[in-house]
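Residues per chain are reported as follows:
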Amino acid sequence: METPYYIIYEDRIRKNLELITDVASRAGVKIIMAFKANALWKTFGIVREYVCDSTASSVNEMLLGNEFLGGEVHTYCPAYTEHTIGEYLKGSTHITFNSISQWQRFKPFVDSYNSLDTGKRVSPGLRVNPHCSVIETDIYNPALPGSRFGVSASDIGPAIPEGIEGLHFHALCESSSYDLAKVLDAFEQQFGHLLPQVKWINMGGGHLMTREGYDTNHLVELLRGFRNRYPWLEVILEPGSAFMWRTGDLVTSVVDVVENDGISTAIVDVSFACHMPDTLEMPYMPVISESVDESEGNHRYRLGGNSCLSGDYKGFWTFSAPLNIGDRLTLEDMNHYTTVKTTMFNGIQHPAIVLRHSNGSESVLRSYNYEDYKNRMC
C-alpha cells in the first residue's frame, strides 16, 4: 500500500466496544457514540453490533446517525436557526438547547412538532455549566470563565424552564472517572434541586474509559451511586475518543532528510497541519512506533510535514538508526478526532463559494450538502 494512509483495526474497535457496553450494563446507564470523534460510517456495521444510539452536533451528523446507526439521535448544537430547527426535530429523539433564550425562541417549534400525529416526539433538554474545570488545555475546556457553553444555576433559579425534560453537562476531555466525580459533585451542588423536575441527565463526553489504567470499576460505582440518589432519571454518557481510542494509525514515508543549524528534519509525505491538526492545536506529540527511547538511540530527528506552512513540523523523536528516504513511520492513535478534523469536523457545513461579477450579479461556484460530508468521511 502506497503511503500515506490511515489504517484502522477491527479487533481494537471491538475490544473498546466490548468494554463500553460492559460498563453501560454494569452501571445501568446508556452510552452513546459522538460523531465529532468518529464519523467513518463504513465501520459502523461493527459499531452497530454493540451501540446503535448516537449524539450529533450538526444536521449532517444527525443524518449520518439515522442512516447508518438507526437508533436514538441525541442532538446538541450551540445555536439552532429557523432554517435548521425543523430538520433537527425531524431527525432527533432528544434535542438540547445551549441557552434559555434559544429554548424560549424554539419552544414553539418543539411543541408544534410534538403535537403532530407522527408517532414520534422529541425530548427537549437544556445544557448547564457546572463551572468545574478539570481540563488543563484551555482550547478543550468548556468550563472556562466566560464559556459560551451552558446555563449557570443562578440564571435558572428554583424551577426548570417550562417544557424542559432533561439536563446536559459536558466538562471533560479524555478525563478520568475521578475527574467526573469532581464535576458531578459540582453539578449536584448547583443543580441538584432541579433534578426532581426532569426525566434524564446527559453527562456529556470526555469519559476515556478505554484508556489503559482508567478505573472502570470506580466509574461504575460512581454512576450507580448517582442512579441510587435519583432513581427516576435516565443517565446518558456520550464519549467520543473512548470508542476509537488507539484503533487506528497513520502510516507515512520519509521523502527527504534536511539539515539546518544542527537540526535534522525528516520530511514525510503527510502534514501535521493538514492531516493531524490536533498535534498543533492541543498540542501533543504522537507516538511513532519505530522510534526508541533517548537512552536506546542517538539519531534524533524532527518530522517535517510536506506543506508550505513554516510551522508544519513536530519534534523530536529518537531512532536506533539513521532515517533514509523510503523509510516508513507509523504515527499511532490517529483515528479518533484526526479523521474528522481533516474533513468536516462536527459535520459543520463548509461555506458556499460565491463569485460576485462586475455588474453586481452573483454566481454560486460551489455549495455543500450532506452527501459531500458523507462522501468525504469514507
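These remarks concern the structure in this document.

A few points about the overall build of the protein
When helices and strands are tallied, the protein shows 13 helices and 17 strands. Relative to the globule expectation of 21 Å for 378 residues, the C-alpha radius of gyration of the protein, 23 Å, shows essentially globular dimensions. Expressed along its principal axes, the backbone C-alpha trace of the protein runs to roughly 65 × 65 × 40 Å. The buried share of the protein, reckoned over its 378 residues, is 52%. Taken together, the 31 basic and 46 acidic charged side chains of the protein have centroids lying 5 Å from each other.

Considerations on the packing of aromatic side chains
Applying the stated criterion across every chain yields a total of 13 aromatic pairs. A ring pair is formed by Phe35 and Phe44, whose centres lie 5.7 Å apart and whose planes are at 25°; its orientation type is stacked. Residues Phe35 and Phe44 agree in their burial class; the two are buried. Three or more aromatic residues joined by ring pairs form one cluster here, namely Tyr80, Tyr88, Phe97 and Trp103. If you follow Arg12 out to its NZ or CZ, it ends over the ring of Tyr9, 3.9 Å from the centre. In this structure, Arg127 is placed above the aromatic ring of Tyr76, and the distance from its NZ or CZ to the ring centre is 4.9 Å.

Side note on the pattern of salt bridges
Per the counting criterion, the structure on display carries 18 salt bridges. The shortest N-O distance in the salt bridge between Glu49 and Arg14 comes to 2.9 Å. Here Glu49, found in the loop between helix H2 (44–47) and strand S4 (54–56), pairs with Arg14, found in helix H1 (residues 10–27); they are 35 residues apart in sequence, far enough to count as distant. Overall, the relative accessible area of 51% leaves Glu49 in the exposed class. In this structure, a network of salt bridges that share partners links the residues Glu10, Arg14 and Glu49.

Points about the sheet that holds strand S5 (residues 73–76)
Strand order in the open sheet formed by nine strands is S2-S10-S9-S8-S7-S6-S5-S4-S3, with parallel pairing between adjacent strands. Two strands bound the open sheet, and with one partner strand each, they are strand S2 (30–31) and strand S3 (33–34). Relative to S4, S3 runs parallel, the two being bridged by two bridges. Paired with Met33 across the strands is Ser54, a residue of S4. Helix-sheet contacts for helix H5 (residues 100–114) involve strand S6 (94–97) and strand S7 (123–127), and the interaxial angle to S6 is about 145°.

Re the state of the cysteines
One pass over the structure, following the stated rule, counts zero disulfides. Between Cys132, a free cysteine, and Cys173, which holds the nearest cysteine sulfur, the sulfur-to-sulfur gap is 15 Å. Of the cysteine sulfurs around Cys274, a residue in no disulfide, the closest is that of Cys308, at 9.7 Å. Assessed through its relative accessible area of 43%, Cys274 is described here as partly exposed.

As for the pairing of strand S10 (residues 234–237)
Pairing geometry for S2 and S10, over two bridges, is parallel. In the sheet register, Ile31 faces S10, and the bridge partner there is Leu237. Taken together, the three bridges between strand S9 (residues 200–202) and S10 define a ladder with parallel strand orientation. Residue pairing across strands places Asn202 opposite Ile236, the latter belonging to S10. With helix H8 (residues 216–229) bridging S9 and its parallel neighbour S10, the resulting β-α-β unit is right-handed.

Re the nonpolar core
Judged by nonpolar contacts, the single largest core of 80 residues is most densely connected at Leu167, Phe187, Met203 and Phe226. Core analysis: the second largest hydrophobic core is formed by 16 residues, Met276, Tyr301, Leu303 and Met334 among them.

Description of H8
Given a rise of 1.5 Å per residue, 14 residues ought to cover 20 Å, and the 20 Å separating the end C-alpha atoms of H8 matches this to within 8%. Taken as a whole, H8 has its buried residues at Thr216, Leu219, Val220, Leu222, Leu223 and Phe226. On an axial view of H8, the arc spanned by its buried residues comes to 165°, and they lie on one face. Taken together, the buried residues of H8 touch H1, helix H7 (177–191), S9 and S10.

What to know about the pairing of S5
Here S5 shows a buried face lined by Val73 and Thr75 and a second buried face lined by His74 and Tyr76. Across three bridges, S4 lies against S5 in parallel orientation. Within S5, the residue paired with Ala56 across the bridge is Thr75. Taken together, the three bridges between S5 and S6 define a ladder with parallel strand orientation. From the neighbouring strand, Thr75 faces S6, where its bridge partner is Ile95. Handedness of the S5-helix H4 (residues 85–91)-S6 crossover: right-handed.

Basis of the calculations
Residues numbered from 1 in each chain as written. Predicted model: local features only at pLDDT ≥ 70, side-chain atom pairs only at ≥ 80, totals over all residues. Heavy atoms only, no water. Helix = DSSP H or I, 4+ residues; strand = E, 2+ residues; numbered from the N terminus. Rg over C-alpha atoms; globule rule 2.2 N^0.38 Å. Buried < 20%, exposed > 50% of the residue type's maximum accessible area, 1.4 Å probe, protein only. Lys, Arg positive; Asp, Glu negative; His and termini not counted. Charge placed at Lys NZ, Arg CZ, Asp CG, Glu CD. Phe/Tyr/Trp six-rings, centres within 6.5 Å; stacked < 30°, edge-to-face > 60°. Lys NZ or Arg CZ within 6 Å of the ring centre and 35° of its normal. Salt bridge = Lys/Arg side-chain N within 4 Å of Asp/Glu carboxyl O. Pairing = 2+ DSSP bridges. Contact = heavy atoms within 4.5 Å. Axes fitted to C-alpha atoms, helices over the stretch in contact; angles between N-to-C directions. Disulfide = S-S within 2.5 Å. Right-handed = clockwise from strand over helix to strand, strands pointing away. Core = buried A, V, L, I, M, F, W, Y, C linked by side-chain atoms within 4.5 Å. Expected span 1.5 Å × (residues − 1). Arc of directions from axis to C-beta.

Geometry only, nothing functional implied.
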